[in-house]
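Summary of the model geometry
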Amino acid sequence: MRNRGSRSQTIQETRPPPEDRTEAKKLRRTRFGCCLWLLVAVIAIYVAIPFLVRYSSRIQSALIYVNFIKIPLFRNISNPAEFGLQKTRQFVLFHDDGCEVTVWQILPNTYWSSDNLSSTEDYIRTFSDGAPIVLYLHGNTGTRATPHRVETYKYLAGEKGYHVITFDYRGYGDSLCYPSETGMMEDARLVWKWIQQNAPDSKLYTWGHSLGSAAATYLAKELCQS
């Protein structure tokens, strides 16, 4: 009898007090409520995203152009030498509506050791050497200084000996305004007109990468029709 009583006494002592059991139940209900609200929020976001994309042109543009990702980060893209580009100058072309397009003119390797290139006119005169010009139109995300694009410029100018003209569309890099399909085409046309004005006798190639292939194709179509 004593053993039973002792065992019963031991079991009774290990049970939590009633108030502790009440707190545990409250904690379980709180956790369940938080998980339920989290699940509802996830479902709501999942359902809302298609509607936002469908009816918000700004979100659609952001997903297509991804111009808000500025690659490379924390670098001065106004200084081509910072990316190992030799004999490269930067200039800005202006649209009538106030939009700006920032351009890089990268000279071929035959000029890399030259010390006679100190002015805009000096750079323009290099077009008379007969070397082809590559107009490079980059894709979405990043800027004209994104690493894999810079490597392409180095190959074209250094290995092939081409003049390279590249730029950031409006809304990319340090070019002003917001990107759009029409704006991209206008930017490509603006840079092409600049090349035609300054190198009318040079052979011109357009190189479009990813999204830039659309602008390159549009520009090629215009050239064939003109």
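Residues numbered from 1 in each chain as written. Predicted model: local features only at pLDDT ≥ 70, side-chain atom pairs only at ≥ 80, totals over all residues. Heavy atoms only, no water.

**A closer look at the sheet that holds strand β3 (residues 133-137)**
The five strands lie next to each other as β1-β2-β4-β3-β5, forming an open sheet whose pairing is mixed. One side of each edge strand has no neighbouring strand; the edge strands of this open sheet are β1 (88-94) and β5 (204-208). Here the average twist between neighbouring strands, direction ignored, is 25°. Note that β3 and β5 share five bridges and pair parallel. Considered in β5, the bridge of leucine 135 is made with threonine 206. (Pairing = 2+ DSSP bridges. Helix = DSSP H or I, 4+ residues; strand = E, 2+ residues; numbered from the N terminus. Axes fitted to C-alpha atoms, helices over the stretch in contact; angles between N-to-C directions.)

**Section: the state of the cysteines**
Tallied over the full model, the rule gives one disulfide. With its sulfur 2.0 Å from that of its partner, cysteine 99 forms a disulfide with cysteine 177. In this structure the cystine formed by cysteine 99 and cysteine 177 twists about its S-S bond by roughly -100°; its chirality is therefore left-handed. Taken together, the positions of cysteine 99 in the loop between β1 and β2 (100-106) and cysteine 177 in the loop between β4 (163-168) and α6 (181-198) put the pair 78 residues apart, joining distant regions of the chain. Taking the relative accessible area as the measure of exposure, cysteine 99 reaches 5% and is therefore buried. (Disulfide = S-S within 2.5 Å. Buried < 20%, exposed > 50% of the residue type's maximum accessible area, 1.4 Å probe, protein only.)

**Structural notes on the nonpolar core**
Ranked by internal contacts, the top residues of the largest apolar core, which has 25 residues, are Val103, Leu135, Leu137, Ile165, Phe167, Val191 and Trp194. Of all the secondary-structure elements, those providing two or more residues to this core are β1, β2, β3, β4, α6 and α7 (212-225). The next biggest cluster of nonpolar side chains, apart from the first, holds 13 residues, and it includes Ile77, Leu85, Tyr136 and Ala145. (Core = buried A, V, L, I, M, F, W, Y, C linked by side-chain atoms within 4.5 Å.)

**A closer look at helix α5 (residues 147-159)**
Here α5 spans 17 Å end to end across 13 residues, near enough to the 18 Å set by a 1.5 Å rise per residue. Buried residues of α5: Arg149, Val150, Thr152, Tyr153, Leu156, Ala157 and Gly158, and no others. Residues of α5 that are buried make contact with β2, β3, β4 and β5. (Expected span 1.5 Å × (residues − 1). Contact = heavy atoms within 4.5 Å.)

**Concerning the side chain of threonine 166**
Looking at where threonine 166 falls in the secondary structure, it is placed in strand β4. Side-chain polar atoms of threonine 166 contact the backbone oxygen of tyrosine 136, separated by 3.4 Å. For threonine 166, the residues in contact, after removing those within four places along its chain, are Thr102, Val103, Trp104, Ile106, Tyr136, Arg144 and Tyr153. (Polar contact = N/O pair within 3.5 Å; in protein donor to acceptor, adjacent residues only side chain to side chain.)

**Some thoughts on the environment of alanine 62**
Within the fold, alanine 62 resides in helix α3 (residues 57-65). In this structure alanine 62 comes out as buried when scored by relative accessible area, which is 19%. Measuring from C-alpha to C-alpha, the distance between alanine 62 and threonine 141 comes to 9.8 Å, with 79 residues separating the pair along the chain. Every residue in contact with alanine 62, bar those within four places of it in the chain, is listed here: Phe68 and Tyr178.

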